[in-house]
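Here is what each chain is made of, one letter per residue.
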Amino acid sequence: MGIDELTSRINYLYKKSKESELSSEEKLEQQELRQKYIDNVKKNFRSQLNTIKKV
């Protein structure tokens, strides 16, 4: 699942939660997707930090 698909699904579940109650499976999926997103951001940030060289 690409980052665009991931954010799309997260946003869909968020909007759905505002309209009605999410099922327990959807809540679990939402938590897992959010964690994947956070892990991805951390990984990208670490990569950026590793490319910085002290001058």
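Just so we're clear, the structure is a prediction, and the values are computed from it rather than from any experiment. (Residues numbered from 1 in each chain as written. Predicted model: local features only at pLDDT ≥ 70, side-chain atom pairs only at ≥ 80, totals over all residues. Heavy atoms only, no water.)

Draft legend 1. Fine view of the nonpolar core. Grouped together as the largest cluster of nonpolar side chains are five residues: Leu6, Ile10, Leu13, Leu22 and Leu33. In terms of residues, this core owes the most to one element, helix α1 (residues 3-19), which gives three residues. Non-local contacts of Leu33, meaning those with residues more than four positions away in its chain, are made with Met1, Leu6, Arg9, Ile10 and Leu13. (Core = buried A, V, L, I, M, F, W, Y, C linked by side-chain atoms within 4.5 Å. Buried < 20%, exposed > 50% of the residue type's maximum accessible area, 1.4 Å probe, protein only. Helix = DSSP H or I, 4+ residues; strand = E, 2+ residues; numbered from the N terminus. Contact = heavy atoms within 4.5 Å.)

Draft legend 2. Quick peek at the pattern of salt bridges. Enumeration over the complete set of coordinates arrives at three salt bridges. When the shortest N-O distance is used, the salt bridge between Lys16 and Glu26 registers 2.5 Å. Of this pair, Lys16 sits in helix α1 while Glu26 sits in helix α2 (residues 24-51), placing them ten residues apart in sequence. A relative accessible area of 15% means that Glu26 is categorised as buried. Residue Lys27 is joined to Glu21 by a salt bridge in which the shortest nitrogen-to-oxygen separation is 2.8 Å. We classify Lys27 as partly exposed; its relative accessible area is 37%. (Salt bridge = Lys/Arg side-chain N within 4 Å of Asp/Glu carboxyl O.)

Draft legend 3. How the structure looks around the packing of α1 against α2. Direction vectors running N to C along α1 and α2 enclose 140 degrees, while the axes themselves pass 10 Å from each other. One element, α1, and the other, α2, form an angle in the oblique class. In this structure, α1 crosses over α2, and the sense of that crossing is left-handed. Between α1 and α2, the residues in contact are Ile3, Leu6, Thr7, Arg9, Ile10, Leu13, Tyr14 and Lys16 and Glu26, Glu29, Gln30, Leu33, Arg34, Lys36, Tyr37 and Asn40, respectively. (Axes fitted to C-alpha atoms, helices over the stretch in contact; angles between N-to-C directions. Parallel < 35°, antiparallel > 145°, perpendicular 65-115°, else oblique. Left-handed = near helix turned anticlockwise from the far one by under 90°.)

Draft legend 4. Broad picture of the environment of Ile3. Inspection of the secondary structure assignment puts Ile3 in helix α1. Not counting the four nearest positions on each side in its chain, Ile3 is found in contact with Tyr37 and Asn40.

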